[in-house]
Structure formats: C-alpha cells, structure tokens
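Secondary and tertiary structure notes
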Amino acid sequence: MEKEVFNRIKAVLAEKGKTNNWLADELVMNRTTISKWCRNDMQPRVETLFQIAKALDVDVRELLVSTK
C-alpha cells in the first residue's frame, strides 16, 4: 500500500532551490523534524505551516496536497 502524501514541503523546497537544512536553520528547528515532514512521516502544526510558507515566500496552500 502506498503511503499517503499530505504536504508538498519537499517539492516546494526543491522548486525554490532550498534544502531541508536551510529550512531547519530558518525555523530554528531540528533537522530530523524537517526530514520527517519532507517524507510525510509526520505533519507540521498549522502555525508551523504558516512559518514555512513565510520562509519560502509562498502561499500556505502551496504546501498542502489539494483534495480536489
């Protein structure tokens, strides 16, 4: 069974030419946590999604997989 994907953090980082380590430094967070988000093993809190969007200069909706 294929793992369900909820966020696009990894894809948006790639589109922006940024790395997990860059995001960890920007958010002052553990690199392991960022890695888990990028693998969709764990999901960030809503408040954190807004911080990620700000750091990447994107609309927060770009970080989520559309339901339609």
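Summarised in this report is the structure supplied together with it. (Residues numbered from 1 in each chain as written. Predicted model: local features only at pLDDT ≥ 70, side-chain atom pairs only at ≥ 80, totals over all residues. Heavy atoms only, no water.)

**Structural notes on the overall build of the protein chain**
Along its length, the protein chain carries 4 helices and 0 strands. Counting from the amino terminus, helix and strand elements in the protein chain follow one another as α-α-α-α. The C-alpha atoms of the protein chain give a radius of gyration of 11 Å, which matches the 11 Å a tight globule of 68 residues would have. For the protein chain, the spread of C-alpha atoms along the principal axes amounts to about 35 × 25 × 25 Å. Once local pairs closer than 6 in sequence are excluded, the contacts in the protein chain between residues at least 24 apart make up 57%. If you sum the accessible surface of the protein chain, you get close to 4,900 Å²; carbon and sulfur atoms cover 52% of it. Distance between charge centres in the protein chain, computed from 12 positive and 10 negative side chains, equals 2 Å. (Helix = DSSP H or I, 4+ residues; strand = E, 2+ residues; numbered from the N terminus. Rg over C-alpha atoms; globule rule 2.2 N^0.38 Å. Contact = heavy atoms within 4.5 Å. Areas by Shrake-Rupley, 256 points an atom, 1.4 Å probe, with all protein chains shown as cover. Lys, Arg positive; Asp, Glu negative; His and termini not counted. Charge placed at Lys NZ, Arg CZ, Asp CG, Glu CD.)

**Concerning the nonpolar core**
Soluble globular proteins tend to pack their nonpolar side chains together in the buried interior. Ranked by size, the top nonpolar core spans 16 residues in total, and within it I9, L23, I34, I52, L56 and L63 carry the most contacts. Mapped onto this core, the elements with two or more residues apiece are α1 (9-16), α2 (20-27), α3 (31-38) and α4 (46-56). Of all the elements, α4 adds the most residues to this core, at 4 residues. For I9, the contacting residues outside a window of four places in its chain are L23, W37, C38, P44, L49, I52 and L63. (Core = buried A, V, L, I, M, F, W, Y, C linked by side-chain atoms within 4.5 Å. Buried < 20%, exposed > 50% of the residue type's maximum accessible area, 1.4 Å probe, protein only.)

Structural measurements only, silent on function.
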